[in-house]
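Reading the structure
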Amino acid sequence: MWRASLHAESIGGVTAIRLLLIAFLALTSVAVAAPERCACDSSRAASEGAANETFEPPGRWVASPLSDKMMARHLPADVESVAGITGSLGSQQGRAFYGGQRLLSALNPEISLTGDFAGWARVPQFPADSIPEVYGPGWGDRFYLREAEFHIVAPLDPYTRGKFFFGISGEGHFHLGEAYMEWVSLPGNLNLKVGKYRNQFGVLNRWHEHALPQVDRPLVFTSFLGEEGLSGMGISASWLLPRLWAHVNELTLEMISGGDGVSFAEEGGRDRVAVGRLKNYWDLSANAYLEVGLSGALGHNDPEGKLSTRLGGVDLTYKWVPADRALYRTFELRSEWLWSWRQTEQGRIKSWGGYVSVQNRFGARWWGGVRLDYSHLPVSAAETLKSGSVVLTYWQSEFVFLRLQLQRTLCTYGSDITKGILQIVWSMGPHKHEAY
Amino acid sequence: MGRMLKILCGMLALGLGLGVRVAVAGQLFVVSTLPDYAAIAQEVGGERVEVASIVRGNENPHFVLPKPSYARLLQRADLFITSGLDLELWAPTLIDGARNARILEGEPGYVAASYGVALLEVPTRAVDRSAGDIHLYGNPHFHTSPINAKKIAENILAGLQRIDPGSSAYYEARYRRFVSRIDSAMFGPELVRIVGGEKLSEMLLNGTLMDYLRTQEADGAKLIDKLGGWLREGFAFRGEKVIVYHKSWEYFCRDFGLVIVDYVEPKPGIPPTAKHVKEVVDEIQALGIRLLLVDNYYERNTPREIEARTGVKALFLPHMVGGEPEIRTVFDLYDCWVRRIRDALAAR
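Residues numbered from 1 in each chain as written. Chains lettered and ligands numbered in written order. Predicted model: local features only at pLDDT ≥ 70, side-chain atom pairs only at ≥ 80, totals over all residues. Heavy atoms only, no water.

Another aspect to go through is the overall build of chain B. For chain B, the count of helices and strands is 15 helices and 10 strands. Evaluated residue by residue, chain B yields a buried proportion of 55% over its 348 residues. Considering only intrachain contacts with a sequence separation of at least 6, the fraction spanning at least 24 residues in chain B is 62%. With the model as given, the accessible surface of chain B reaches about 14300 Å², and the carbon-plus-sulfur share is 54%. (Helix = DSSP H or I, 4+ residues; strand = E, 2+ residues; numbered from the N terminus. Buried < 20%, exposed > 50% of the residue type's maximum accessible area, 1.4 Å probe, protein only. Contact = heavy atoms within 4.5 Å. Areas by Shrake-Rupley, 256 points an atom, 1.4 Å probe, with all protein chains shown as cover.)

What follows deals with the packing of aromatic side chains. Residues and elements named next belong to chain B. Tallied over the entire structure, the rule returns 25 aromatic pairs over all chains. Here Trp230 and Tyr334 contribute two aromatic rings whose centre-to-centre distance is 5.4 Å and whose plane-to-plane angle is 70°, an arrangement assigned as edge-to-face. Here Tyr334 lies in helix H15 (residues 330–346) and Trp230 lies in helix H11 (residues 229–233), a separation of 104 residues in the sequence. With 6.1 Å between their ring centres and 80° between their planes, Trp249 and Phe252 make a pair best called edge-to-face. (Phe/Tyr/Trp six-rings, centres within 6.5 Å; stacked < 30°, edge-to-face > 60°.)

Ranked by size, the top nonpolar core spans 113 residues in total, and within it Leu74(B), Phe187(B) and Ile341(B) carry the most contacts. Among the elements that take part in this core, H15(B) stands out by supplying 10 residues, more than any other. Non-local contacts of Ile341(B), meaning those with residues more than four positions away in its chain, are made with Phe237(B), Phe252(B), Leu258(B), Leu291(B), Leu293(B), Leu315(B) and Leu317(B). Counting residues in hydrophobic clusters, the runner-up holds 21 residues, among them Tyr197(A), Leu212(A), Phe221(A) and Leu230(A). (Core = buried A, V, L, I, M, F, W, Y, C linked by side-chain atoms within 4.5 Å.)

It is worth spelling out the side chain of Glu324(B) at this point. Residue and element names in this part refer to chain B. Summarising the element assignment, Glu324 is placed in the loop between strand E10 (313–317) and H15. Within the structure, the side chain of Glu324 is placed 2.5 Å from the side chain of Arg340, a separation counted as a polar contact. Leaving out residues up to four positions away in the same chain, Glu324 has contacts with Asn296, Pro318 and Arg340. (Polar contact = N/O pair within 3.5 Å; in protein donor to acceptor, adjacent residues only side chain to side chain.)

Taken residue by residue, the interface counts 52 residues in chain A and 44 residues in chain B. Counting each side, the surface lost to burial between chain A and chain B is near 4200 Å², with a carbon and sulfur contribution of 62%. Run the count over chain A and chain B and you get 3 salt bridges. Close ionic contact of Arg99(B) with Glu250(A) constitutes a salt bridge, the shortest N to O distance being 3.3 Å. Inspection of the region where chain A meets chain B yields 15 residue pairs in polar contact (both at pLDDT 80 or more). At the level of elements, strand E6 (174–186), strand E7 (190–198), strand E8 (231–240), strand E9 (248–257), strand E10 (272–283) and strand E11 (288–300) of chain A are the ones that each hand at least two residues to the side of chain A that touches chain B. Element by element, the count of residues in the side of chain A that touches chain B is highest for E9(A), at 6 residues. Classifying every residue of the side of chain A that touches chain B gives 27 nonpolar, 11 polar and 14 charged. (Buried area = accessible area lost by both parts, 1.4 Å probe. Salt bridge = Lys/Arg side-chain N within 4 Å of Asp/Glu carboxyl O. Nonpolar A, V, L, I, M, F, W, Y, C, P; charged D, E, K, R; others polar.)

Residue and element names in this part refer to chain B. Taken N-terminus to C-terminus, the directions of helix H6 (residues 168–187) and helix H8 (residues 197–206) make an angle of 55°; their axes are 10 Å apart at the nearest point. Taken together, the axes of H6 and H8 are oblique relative to one another. Like other packed secondary-structure pairs, H6 and H8 cross with a definite hand, here left-handed. Residue-level contacts link Asp183, Met186 and Phe187 of H6 to Gly197, Glu198, Leu200, Ser201 and Leu204 of H8. For the contact of H6 with H8, the residue count by class is 4 nonpolar, 2 polar and 2 charged. (Axes fitted to C-alpha atoms, helices over the stretch in contact; angles between N-to-C directions. Parallel < 35°, antiparallel > 145°, perpendicular 65-115°, else oblique. Left-handed = near helix turned anticlockwise from the far one by under 90°.)

Before going further, it helps to examine the sheet that holds strand E4 (residues 110–112) of chain B. All names here are of chain B. Spatially, E2-E1-E3-E4 is the arrangement adopted by the 4 strands of the open sheet, whose pairing is parallel. Each edge of the open sheet is held by one strand with a lone partner, namely strand E2 (49–53) and E4. Each neighbouring strand pair of the sheet contributes to a mean axis angle of 20°, computed without reference to strand direction. With 3 bridges joining them, strand E3 (residues 79–82) and E4 adopt parallel strand pairing. Note on E4: the bridge partner recorded for Thr82 is Ala112. (Pairing = 2+ DSSP bridges.)

Further remarks concern the environment of Gly293(A). Residues and elements named next belong to chain A. Assignment of secondary structure puts Gly293 in strand E11. Among the residues examined, Gly293 registers a relative accessible area of 0% and is labelled buried. Along the chain, Gly293 and Leu278 lie 15 residues apart, while their C-alpha atoms are 5.6 Å from each other. Gly293 has contacts with Arg277, Leu278, Gly313, Val314 and Asp315, leaving out every residue within four places of it along the chain.

For the rest of this paragraph, the subject is the sheet that holds strand E7 (residues 241–244) of chain B. Residues and elements named next belong to chain B. Strand order in the open sheet formed by 4 strands is E8-E7-E9-E10, and the pairing between neighbours is parallel. Of all the strands in the sheet, the pair left with one neighbour each is strand E8 (259–263) and E10. Adjacent strand axes in the sheet meet at a mean angle of 30°, parallel and antiparallel pairs treated alike. As judged from the 5 bridges shared by strand E9 (residues 291–295) and E10, these two strands associate in the parallel manner. The residue of E10 that forms the bridge with Leu293 is Leu315. In the packing of helix H14 (residues 301–310) onto the sheet, contacts are made with E9 and E10, and the angle to E10 comes to roughly 155°.

All right, on to empty space enclosed by the protein then. All names here are of chain A. Scanning the entire structure with this criterion turns up 3 cavities of 30 Å³ or more. The calculated volume of the second largest cavity comes to roughly 60 Å³. If you go around the second largest cavity, the residues you meet are Phe201, Gly202, Val220, Phe221, Ser295, Gly313, Val314, Asp315, Glu336, Trp337 and Leu338. Among the secondary structure elements, those contributing two or more residues to the lining of the second largest cavity are helix H5 (219–225), strand E12 (308–320) and strand E13 (330–344). (1 Å grid on protein atoms, 1.4 Å probe; cavity = no way out; pocket = protein on both sides within 12 Å on 5 of 7 lines; lining within 4 Å. Points joined across faces, edges and corners; volume = space filled by probe spheres on them.)

Quick look at helix H13 (residues 274–287) of chain B now. Residues and elements named next belong to chain B. For H13, spanning 14 residues, the distance from its first C-alpha to its last is 20 Å, which sits close to the expected 20 Å at 1.5 Å a residue. All of the buried residues along H13 are His276, Val277, Val280, Val281 and Ile284. The arc that holds the buried residues of H13, viewed along the axis, is 145°, so those residues lie on one side. Away from its buried face by more than 90 degrees, H13 exposes Lys275 and Ala286. Looking at the packing, one finds that the buried side of H13 touches E7, E8 and H14. (Expected span 1.5 Å × (residues − 1). Arc of directions from axis to C-beta.)

A few words on the pairing of E9(A). Residues and elements named next belong to chain A. Counting buried positions along E9 yields 9 of 10 residues, so the element is predominantly enclosed. As defined by bridge partners, E8 adjoins E9 across 8 bridges and the pair is classed as antiparallel. Considered in E9, the bridge of Ser238 is made with Thr252. Where E9 lies against E10, 10 bridges are found, and the strand directions are antiparallel. Counterpart to Glu250 in the pairing with E10 is Lys279.

A contiguous nonpolar patch, built from Leu294(A), Val314(A), Trp339(A), Trp341(A) and Trp352(A) and spanning about 430 Å² of accessible area, is present on the exposed surface. For Trp352(A), the position within the fold is in strand E14 (residues 347–361). (Patch = residues over 30% accessible without salt bridge, like charges linked within 9 Å, V, L, I, M, F, W, Y side chains within 5 Å.)

Attention now moves to unusual backbone geometry. All names here are of chain A. Phi angles above zero are rare outside glycine, and Ser185 is one such case at about 65°. With respect to the secondary-structure elements, Ser185 resides in strand E6. Classification of Ser185 by relative accessible area gives buried; the value is 11%.

On to the confidence of the model for chain A, then. Residue and element names in this part refer to chain A. Of all residues in chain A, 73% have pLDDT values of 70 or greater, and the mean over the chain is 79. Contacts of residues 1–17 to residues separated by more than four positions or lying in other chains number 7 contacts, the stretch itself having pLDDT below 50. Note on residues 134–138: pLDDT under 50 across the span, and 15 contacts to partners over four residues away in sequence or across chains. (pLDDT = per-residue confidence, 0-100.)

Below is the structure:
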């Protein structure tokens, strides 16, 4: 009928009449259908209520603290009936239902926080920029929060995992340590990583500051790879190779944009740095192992990409941990050496450096250690740094340690210094550094 | 840099080629975290499996170096058995290093031995580390109970049947034989024949077994008189108060009726302090405690000191299979515990 009338109307009056008719039909259809829908939902709610002993809602429900009157005031009648609060479901009164769609916090990632605090004194006082410092030039004798580092880790899906590590220094500077996702267990015994990460050049370059066996990184790393070591944004592939000459051979190949700002151009630049490491691992006995690694890095040291730097590295780790006394005794010898071939406008500079570190655990809580450093500067093989450190670490528990480090550094281009450093590291949450 | 990319791609291809796993016909390779799981897997798998464990019997399972050679072991594994709890926190590092998709969590080759085990000390409120090195899911040392060994075997059976369905009947027959042997060794064959191992185990777990045996009769005699096996031997120390070093004996003590009064560690995972040792010494003297149980991978100085100050017997026990050279099966292990505790108290 309304179709016929539409035909009969003139073009000018059609729109208004059509809208009115549509609105009327829509309203009447809702009015007719609504009671049926409510009845249907009420019966479903009733059946759910009857099966209340075993029924588990998708989210959670809680007894409402509102009185019946308050509920009546706060909830419109149709909402009450739909929610199954009123009428025949007397025993259900006072119950409010909540959906699970907004309560997915169980899927939040694993979050940990590490605090790295230090205080130190040194003699003599000297111009701040005359020597590479543990915490960067310019820091005087004082207490310092090196970093409060957040660790966020979670599986992304059945195939990949995401990891974020970012820190805030005592001055409030934000620092993105690592942010990457990785595929584990790809075909071909391959693990793949993309994002920003610390490079697998040697052993300690990969480690975060709070996990180091001494307060500071060895001089060879700070001299050749900068205060924070070699890291960048790129892709990393790691293979567990078939057994070759060692019990375990693992090859890691990485490509990052930019570099450390010392041997290579600044991180984030358009130039790329290729990094590789071949790990060779032998079990010497049930209680001891030996690992020898060969590392290499290749890139440019100028933003224009004309001058190249090649780095070669050798690392060696021997560790003895008696299985039945692992909590009380450990001996570790580690040494890493690095060679640099740096191209400059004036010619090629060859320089090198390394360290030897010994750590001994002599109780459930005590570690003692020594580290000897020797390093050229990458821009001048004539300038050298030598350093000796003695370290004593007290583990209050698995998650808190205190460390005292005495360090004497000899420098051919500045003042020799002696430092005493107290470090305290604490960790909240599940994060653990799984070194072997 | 173009040349560099070519080299990188070449190395990628080489790595992929070298990394292809060569399938080995014959036995399945089963790797477990704890040696007890390996021993049980050997019982269920028989000659159709080769087993290896990462933790050695005299090693503290909380603290294991995730060495690359372990990752290599897992890389070859067809089945990986772990507690599935927060005991072996080093295991995920190894799983990641192994690059073996078959043994990832949720995959057919991954077995959580704790599945279905009635765990003790499950936190009932929010926990934090002020309570020491706490375990979020409950006490993970459930392998110290012979009753739980049957549940572990059941989980391993499920894993083996999943990855090797063709041998399903073989594994099930061996599993049933293992369960029968555990029941007989635990309760004695006669009582198992009368009551059934499953019912006996159930009553032991819910604490009603002894009352039941004392009140029920069969063949004209009280069932308690027909009790044999480790539980019968354990009558010598049932109800005995003990001190233990770490919270690793709860399940064994539940099964055999030992009452744990205190621990040498002031809190789980926290090394003993002089103040706490003094408290333990006072407790031992006040309550006349005769026995101190110590897993043999813990330090001996503190237990020895407590022994010297109180006269308590510090008994250093292997905690897992392989903890001493002659302990090769879980039967050897449970035998050893029952016998040594009984003998230690008899000598007091």
